[in-house]
Amino acid sequence: MSDELEPMEPTLKSILDQKSLRWIFVGGKGGVGKTTTSCSLAIQLAKHRESVLLISTDPAHNLSDAFDQKFGKEATKVNGVDNLSAMEIDPTGSIQELIENADGTQNNPLGNMMQDLAFSIPGVDEAMSFAEVLKQVKSLSYSVIIFDTAPTGHTLRFLQFPTVLEKALSKISQLSGRFGPMLNGILGASGGPGGGVDELMGKLEGMREMIGEVSKQFKDPELTTFICVCIPEFLSLYETERMIQELSNYEIDTHAIVVNQLLFPRKGSQCEQCTARRKMQKKYLEQIEELYDEFNVVKCPLLIEEVRGKERLEKFSHMLVTPFVPPDEN
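About the criteria used
- Every chain is numbered on its own, with residues counted from 1 as its sequence reads.
- pLDDT decides what is reported in this predicted model: residues at 70 or higher carry local features, side-chain atom pairs at 80 or more are listed and counted, and totals for whole chains, interfaces and linings draw on all residues regardless.
- Note that water and hydrogens are dropped before the side-chain values are worked out from all heavy atoms of the structure.
- Comment: elements are numbered from the N terminus, with helices defined as DSSP H or I runs of at least four residues and strands as E runs of at least two.
- Each residue is assigned to one of three classes by its accessible area relative to the maximum for its type, calculated with a 1.4 Å probe on protein chains only: buried under 20%, partly exposed between the two thresholds, exposed over 50%.
- Throughout, a residue-residue contact means that at least one pair of heavy atoms, one from each residue, lies within 4.5 Å.
- Only the protein chains shown count as cover for residues, with accessible areas throughout obtained via the Shrake-Rupley method and a probe of 1.4 Å.
- Each polar contact in these results corresponds to two N or O atoms within 3.5 Å; when the atoms are within protein, one needs to be able to donate a hydrogen and the other to accept it, and residues that are neighboring in sequence are counted only if both atoms are side-chain atoms.
- Candidates for patches are residues over 30% relative accessible area with no salt bridge; among them, like charges are joined within 9 Å and nonpolar side chains (Val, Leu, Ile, Met, Phe, Trp, Tyr) within 5 Å.
- By definition, a salt bridge exists where a carboxyl oxygen of Asp or Glu is found within 4 Å of a side-chain nitrogen of Lys or Arg.
- Note on terminology: pairs of cysteine sulfur atoms within 2.5 Å are recorded as disulfides.
- The criterion for an aromatic pair is that two Phe, Tyr or Trp rings (for Trp, the six-membered ring) have centres within 6.5 Å, with stacked assigned to planes under 30 degrees apart, edge-to-face to planes over 60 apart and tilted to the rest.
- UniProt positions are given in the numbering used here, feature names are shortened, and annotations may be inferred rather than shown by experiment.
- Here, expected helix span is obtained from the residue count minus one, scaled by 1.5 Å.
- What the arc measures is the spread of directions leading from the helix axis to the C-beta atoms.
- Pairing between strands is defined by DSSP: at least two bridges between them are needed.
- Seen with its strands pointing away from the viewer, a crossover is right-handed when the path leading from the first strand over the helix to the second is clockwise.

Q: Tell me about the overall build of the protein chain, and name the residues and values.
A: In terms of regular secondary structure, the protein chain is built from 12 helices and eight strands. A total of 330 residues make up the protein chain; the buried ones form 49% of that total. At a minimum sequence separation of 6, the contacts of the protein chain that also span at least 24 residues come to 77%. A total of about 16,000 Å² of accessible surface is found on the protein chain, and carbon and sulfur atoms cover 50% of it.

Q: An account of the side chain of threonine 254 is requested, with residue identities and associated values reported.
A: Following the sequence through the fold, threonine 254 ends up in the loop between α10 (234-249) and β7 (256-262). Given a relative accessible area of 13%, threonine 254 falls into the buried group. Within polar-contact distance, the side chain of threonine 254 engages the backbone oxygen of phenylalanine 226 at 2.8 Å. Residues contacting threonine 254, with those up to four places away along its chain left out, are Thr225, Phe226, Cys228, Ile244, Leu247 and Phe295.

Q: Can you tell me about a nonpolar patch on the surface, naming the residues and giving the values?
A: A grouping of Phe234, Leu235 and Tyr238 is seen on the molecular surface, where their side chains present a nonpolar patch of about 360 Å² in accessible area. Looking at the element boundaries, tyrosine 238 is found in helix α10.

Q: Tell me about the state of the cysteines, residues and numbers included.
A: The tally for this structure, following the rule as stated, stands at one disulfide. With a sulfur-sulfur separation of 2.4 Å, cysteine 271 is cross-linked through a disulfide to cysteine 274. Residues cysteine 271 and cysteine 274 are joined through a disulfide that is right-handed, its torsion about the S-S bond being 70 degrees.

Q: So, the packing of aromatic side chains: which residues are in play, and what are the values?
A: Evaluated as defined, the whole model comprises nine aromatic pairs. Ring geometry for tryptophan 23 and phenylalanine 218: centres 5.6 Å apart, planes at 80 degrees, overall edge-to-face. Remark: phenylalanine 218 occurs in helix α9 (residues 196-218) and tryptophan 23 occurs in strand β1 (residues 23-27); sequence separation between them is 195 residues. Accessibility classification places tryptophan 23 together with phenylalanine 218 in one group, the buried group. Here phenylalanine 264 and phenylalanine 324 contribute two aromatic rings whose centre-to-centre distance is 5.3 Å and whose plane-to-plane angle is 45 degrees, an arrangement assigned as tilted. With phenylalanine 264 in the loop between β7 and α11 (272-291) and phenylalanine 324 in the segment after α12 (310-321), this residue pair connects regions lying 60 residues apart in the sequence. The exposure class of phenylalanine 264 is partly exposed, given its relative accessible area of 24%.

Q: Please set out the UniProt feature "binding site: ATP" (unreviewed entry) in the protein chain residue by residue, giving values where relevant.
A: With numbering matched to this structure, UniProt assigns "binding site: ATP" (unreviewed entry) to Lys29, Gly30, Gly31, Val32, Gly33, Lys34, Thr35, Thr36, Glu233 and Asn260. Assignment of secondary structure puts lysine 34 in helix α2 (residues 34-45). Leaving out residues up to four positions away in the same chain, lysine 34 has contacts with Val26, Gly27, Gly28, Lys29, Asp148, Thr149, Ala150, Pro151 and Val229. As for its placement among the helices and strands, threonine 36 is situated in helix α2. Not counting residues within four places of it along the chain, the set of residues in contact with threonine 36 comprises Val307, Leu313 and Phe316.

Q: Break down α11 for me, with residues and values.
A: Taking 1.5 Å of rise per residue, the 20 residues of α11 would be expected to cover 28 Å, and the 29 Å separating its terminal C-alpha atoms lies within 8% of that figure. Restricting attention to buried positions, one finds in α11 the residues Arg278, Gln281, Tyr284, Leu285 and Ile288. Taken around the axis of α11, the buried residues stretch over an arc of 135 degrees, which confines them to a single face. Projecting away from the buried face of α11 at angles above 90 degrees are the exposed residues Glu272, Lys279 and Glu290.

Q: Could you give an account of unusual backbone geometry, naming the residues involved and the relevant values?
A: Keep in mind that most residues, glycine aside, have a negative phi and that most peptide bonds are trans. Although it is not a glycine, asparagine 83 adopts a positive phi angle of roughly 70 degrees. Mapped onto the fold, asparagine 83 is located in the loop between β3 (76-77) and β4 (84-88). With phi around 60 degrees, glutamate 251 is a residue other than glycine that occupies positive phi space. By the element assignment, glutamate 251 lies in the loop between α10 and β7.

Q: Please give an account of the pairing of strand β6 (residues 224-230) that cites residues and values.
A: For β6, the tally of buried residues reaches seven of seven residues, placing the bulk of the element in the interior. Residues of β6 alternate between two faces, with Thr224, Phe226, Cys228 and Cys230 on one and Thr225, Ile227 and Val229 on the opposite face, all of them buried. With five bridges joining them, β1 and β6 adopt parallel strand pairing. If you follow glycine 27 over to β6, its bridge partner there is cysteine 228. For β6 and β7, the ladder comprises four bridges, and the chain directions are parallel. Pairing of cysteine 230 across the sheet is with valine 259, part of β7. Handedness of the β6-α10-β7 crossover: right-handed.

Q: Which residues make up the pattern of salt bridges, and what are the values?
A: Summed over the entire model, instances satisfying the criterion amount to six salt bridges. As a salt-bridge pair, glutamate 305 and arginine 312 come within 3.6 Å of each other at their nearest N and O atoms. The class of arginine 312 is partly exposed, set by a relative accessible area of 36%.

Right, here's the structure in full:
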């Protein structure tokens, strides 16, 4: 492997070198290696930054499996990796918790109304989940935060969270204006805490201010970037293009693509399936390189062993910063 890198060499080294980055998203179609990529990138970043936080926002959490260590909704130090912590957020759990704690009590009229309203807005689970993440992250000090996101559709809704919460707040404001006095009376009669609807609106407005600030950061390429992960197949390439177009609409920077599971049959190989699949992969890889000639396209091989545990993730992480050279090209 060569250590000499040119500006557009196929690595993520430029992301490691960009010290201003605060938010890094890793996303793509399900099963393409997002978690392996995000964990490996986190390991590399931990060598260059004082403190790194890796967060899974995918309901089917894989961080615990990847590191072979249990993570939950509190940031936990990753065993054997200095400067790296990880956490797994449950979107549904986060929104339920926020609703139940909205006015300090459970099973009251306002809580029930909030729950019905919240779940009627598409994408509100991801939005409220992210609000909960921001609340926790705000009280901690990390130099960079990496998000291991859910498959493409969920991720795109996730990135719409400022708009989604704006809609939710608008609806709640309308209800507050119409029924606020009545609801306050009901809450008072049911033993609810003082403040009622007005107190809830104050909390939501504070949340909106914080989210608005972060939304601006997401649109700053000095602070935020999105790494697309794919495999050299039609559906994965299609979803990658769709995601890059949507990211452009959201004004979120993306200039790196990780292509996983590449086959490199040895010369003289008698495996017809391997040769045929490599031919297909080469076609899509060429399309990726042509479509995204201004991107850092990182090529990673299909491995014979599962990438699980700190040692294997560490080994895989080197391919993100040093171009992989097929065995027959050494």
